[in-house]
Amino acid sequence: MNFGIVVFPGSNCDYDVYWGLKNDLGYPVRFLWHRQRDLEGCDVIVLPGGFAHGDYLRAGAIARFSPIMEAVVEHARQGRPVIGICNGFQVLTEIGLLPGALLRNESLRFAHGPVYLRVENVQTPFTSGYQPGQVIQVPIAHGQGRYYAPPEVLAGLEDEQRVLFRYCDASGRISPEANPNGSLHHIAGLVSANGRVMGMMPHPERRMNSRLGGSDGLALFQSLAQAA
Amino acid sequence: MKPDPPVTLDLALQHGLSEEEYQRLLDILGRTPTYAELGVFSVMWSEHCCYKNSIAHLKTLPRKGPRTLVEAGEENAGLVDIGHGLAVAFKIESHNHPCAVEPYQGAATGVGGIMRDIFTMGARPIASLDSLHFGPLDNARHRFLMDGVVRGVGDYGNCLGIPTVAGETYFHEGYGTNPIVNCMAVGVVRTDRIASAIAEGEGNTVIIYGSRTGRDGIHGATFASEEISEESEAKRSSVQVGDPFAEKLLLEATLELVKSGTLVGVQDMGAAGITCSSSEMAAKGKAGIIIDLDKVPLREAGMSAYEILLSESQERMLAVVHRGREEEAEAILDRWELLHSRLGHVTNDGRMRVLFQGREVCDVPPFELALGGGAPVYHRESRRPAKLDEYNAADLSPYRADRDWNVALLEMLASPNVCDKGWVTRQYDSTVRTNTVQGPGGDAALLWVKETDTALAVTTDCNPRFVYLNPRRGAALAVAEAARNVSCTGAQPIAITNCLNFGNPYKPESFYFFAEAVAGMGEACRAFDTPVTGGNVSFYNESEETSILPTPVIGMLGLLEDVTKTVRSHFQQAGDRVVLLGTTKPELGGSEYLWHHYGVLAGDAPALDLDLEKRTQEVVRQAIAGGWVRSAHDCAEGGLAVALAECCLRDRERPLGATVALEPGDLAAADLLFAESASRIILSVPPEHAAEVLQLAALKGVPAADLGAVGGDRLVLGAWVDLDLARMAEAYYNALPAYFQAVAAAE
């Protein structure tokens, strides 16, 4: 199970994922530069957080044209796992591997802080290590994280149980107060129709060591390692 | 392009040089300077670049400690050894004047500038901090400034991927037109990979890389060396525009260049752009340098030599590369898609020569430009303002009258100087890079140094009211508070950086505050053995109507050998004992209580016994290392009552009450609850360890008392306060958002 982390010039959570996978979980992991076309045989591709090309235009709008993205799309088409975190999620919606879009937060301000997520579906390679309905705590850090999709798309996501994480409070209750950015249906993370491409705004890689506030993110990467 | 104007004394005066300085320039050159040369000297001899009015005093500060690798003034930032083959580069800098006219870009470029100082040393930045001071928030202009500054600090650091982990936000009338915006950066470097800002070795190549050079920011350094006035608005073009993505590329490329071994030296371009970087590098290497401005990548056509030399366009670097290794260095810059150009080379003639369109427009000795070289040094007149004696002698007894102490505490908790600053810190990414063990909201932030078991504690502190009433003691109190905050995480204070924000140095009564504050800071730093490894002076923080409170901000660095041996600042468990280290005295002078309830800034700053302070901090560090305490929090603005309230409230989801018996002795209730006596720390201690903590304190001669117990959903302070935590939380957490929500609703 090799993890490959795509590095765009403005990625800034690439090293955090790398450190967690390597040191907290002991998994083989390497960096993949955005201008290369080869995924070097990696089994799981991670698109990390950051500001891929500054994102002055629209988050992820330029990153989708990076040479490596053709290989990432092909990897996904073959049914092999791809996970986009924060900016990575934005890139995945821009390139069309995931539906919808991430708009500016309802507050029109950058928002950072721990949030609670309810795990909605554990029958995926990304969530099999969690319990159904489990509430986990991970931080968000984004200015454009408000998930939007047309009603028919949202209905489809719900019918197919493709919403994997929803913002909630500590007890797992869904409410507007517990939604940090105004995401429709309180969506924090979702998966593609074939169940192999996942995007989420919160940062599980920042919760892989109790020294740093918690380890609720570990199970996500452990699920992936087991799936492969 | 307009022809250059003839250089005359009048033109020199317009550039901010004095008649004496202009004469000195004529003597150095032995001829009339060119227009470009006049520009170069005026900016290099501005206070901002050469510290001409402050350096004589700064030199009295302790600069060397057992861990110092690079002392203040030697490089872009000081460097401190933390063991394991690693060192920490850290520094704080002001961006007050730009923020007064363009808060967003002013603050953003403030972060960008201080980050470059750190990675220019070869260090990877791991944390950002700020110290912000604004006018009261009931004024729309002040809210506009604060909103812009917070967005600017946040957006830049968030995009760059450096966590903003700690800071302070303070409000007072004096900061209304002249906000104080200080940014601090902390970086880690392997001691075998430290870079230097030096040009040496004849024939080595000078390369500029990063953003193009435009007309923005010309004379920013000179602008920063004047008072704020109505004309300042017209100088908005002196404010640069930041591009954090370009900075990110610059950061990664620079660290790769340093690692590659192709560099002789590297320097960032901040104030005075190409002029400052090239002349400082040459002066440091006792070498010469020749550069051709036609090779500088420009943002627009038609720029004059003067403009190119003085542009403060952001995100640019100057490197000296070993001859023969240029292509290797350029390949790294290409990989990061950075623009670069070979501008010239190092010479051995001790001159800085600048070519433009085939002509030599500048030929000056770099040594004469630089701080520590030929730059002027002035000993300014200092005179104690008569009003200080009046303030210090003020009778504070009318303010000790009895009142409803529940209401008094609730109001204090909602005061902008005391209340929760989450509205600010939620706009900052404080956990990117996954080093943050403790972020905003504690006494100091704590950052794990990956690949070791050690951690760094960092904080910024200053109580400007104390400095205003007693500059010498006030500055010492700022150092003491910073050290106390660091010690409350378990870390040992090891060094400071300072940002000295004061008024016009040419006014003796204004300069008095600066001179006295530096003296007090020196005394405290010697006591704590925390050398000053660098910093920044910002004068002229005044306008026609108002002047800031004197604000010497202390950025302190602490080292914790075992990252697991730390505690938080708030209560953790019901049943724990509440232990107070230190003594509360009748010291309401300069307190938040006087200011908030009576609008009075008077009295004297609290007494400070440096030796007792040091021992108190030893007690808290040893108690934490021994595993005897579960939380430690210092008493600062708002005194004991506010500090205890914070211990209860700081975990917003799980507030924990306490019942505390206070022994008033001779103290009035106002003093007992709200005096801001120094050297006090609140500990929460598991009952089984209470005896050990009290014994340790006794052994060190530190007063300590077991005041009561943690638990319940109320805070009870003797006969004076009995409050429901939910009510306190409402006051504490809603105060700041309310100022901004009300505005949003009105719009």
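Fair warning: this is a prediction, and the values are worked out from it, not measured in the lab.

## Considering helix α1 (residues 14-24) of chain A
1) Next: Turning to α1 of chain A, its buried residues are Asp14, Asp16, Val17, Tyr18, Trp19, Gly20 and Leu21 of chain A.
2) Next: Looking one or two residues beyond α1 of chain A, the residue adopting positive phi is Gly26 of chain A, at roughly 70°.

## Some thoughts on the domain arrangement of chain B
1) Next: Once the domains are mapped, chain B shows domain 1 (7-44 + 195-377) and domain 2 (568-747).
2) Next: The distance between the C-alpha centroids of domain 1 of chain B and domain 2 of chain B comes to 50 Å.

## Quick word on the interface of chain B and chain A
1) Next: If you look at the interface, chain B gives 36 residues, while chain A gives 31 residues.
2) Next: For chain B, the biggest contributors to the area lost against chain A are Phe245, Thr434 and Trp448 of chain B; these three give 19% of the whole.
3) Next: For Glu337 of chain B, the salt bridge is made with Arg35 of chain A, and the minimal N-O distance between the two is 2.9 Å.
4) Next: If you look at where chain B meets chain A, you find 18 residue pairs in polar contact (both at pLDDT 80 or more).

## Digging into the packing of aromatic side chains
1) Next: Counted according to the given criterion, the structure contains 25 aromatic pairs over all chains.
2) Next: Look at Phe3 of chain A and Tyr27 of chain A: their rings are 5.6 Å apart centre to centre, the planes differ by 5°, and that puts the pair in the stacked class. Taken as a pair, Phe3 of chain A in strand β1 (residues 3-7) and Tyr27 of chain A in the loop between α1 and β2 (29-33) lie far apart in primary sequence, 24 residues in all. For the residue pair Phe3 of chain A and Tyr27 of chain A, the accessibility class agrees, reading buried in each case.
3) Next: For the pair Phe511 of chain B and Phe539 of chain B, a centre-to-centre distance of 6.3 Å together with 50° between the ring planes defines the contact as tilted. Here Phe511 of chain B is found in helix α21 (residues 508-528), whereas its partner Phe539 of chain B is found in the loop between β18 (532-538) and β19 (551-560), with 28 residues between them in sequence.
4) Next: Relative accessible area serves as the criterion here: at 1%, Phe511 of chain B is assigned to the buried category.
5) Next: Since its relative accessible area comes to 1%, Phe539 of chain B is described here as buried.
6) Next: Site record: aromatic cluster; members linked through ring pairs are Tyr15, Tyr18, Trp19 and Phe31 of chain A together with Trp448 of chain B.
7) Next: One cation-aromatic arrangement involves Arg211 of chain A over Trp448 of chain B; the distance from NZ or CZ to the ring centre is 4.5 Å.

Thresholds applied
Residues numbered from 1 in each chain as written. Chains lettered and ligands numbered in written order. Predicted model: local features only at pLDDT ≥ 70, side-chain atom pairs only at ≥ 80, totals over all residues. Heavy atoms only, no water. Buried < 20%, exposed > 50% of the residue type's maximum accessible area, 1.4 Å probe, protein only. Helix = DSSP H or I, 4+ residues; strand = E, 2+ residues; numbered from the N terminus. Domains from an automatic or database assignment. Contact = heavy atoms within 4.5 Å. Buried area = accessible area lost by both parts, 1.4 Å probe. Salt bridge = Lys/Arg side-chain N within 4 Å of Asp/Glu carboxyl O. Polar contact = N/O pair within 3.5 Å; in protein donor to acceptor, adjacent residues only side chain to side chain. Phe/Tyr/Trp six-rings, centres within 6.5 Å; stacked < 30°, edge-to-face > 60°. Lys NZ or Arg CZ within 6 Å of the ring centre and 35° of its normal.

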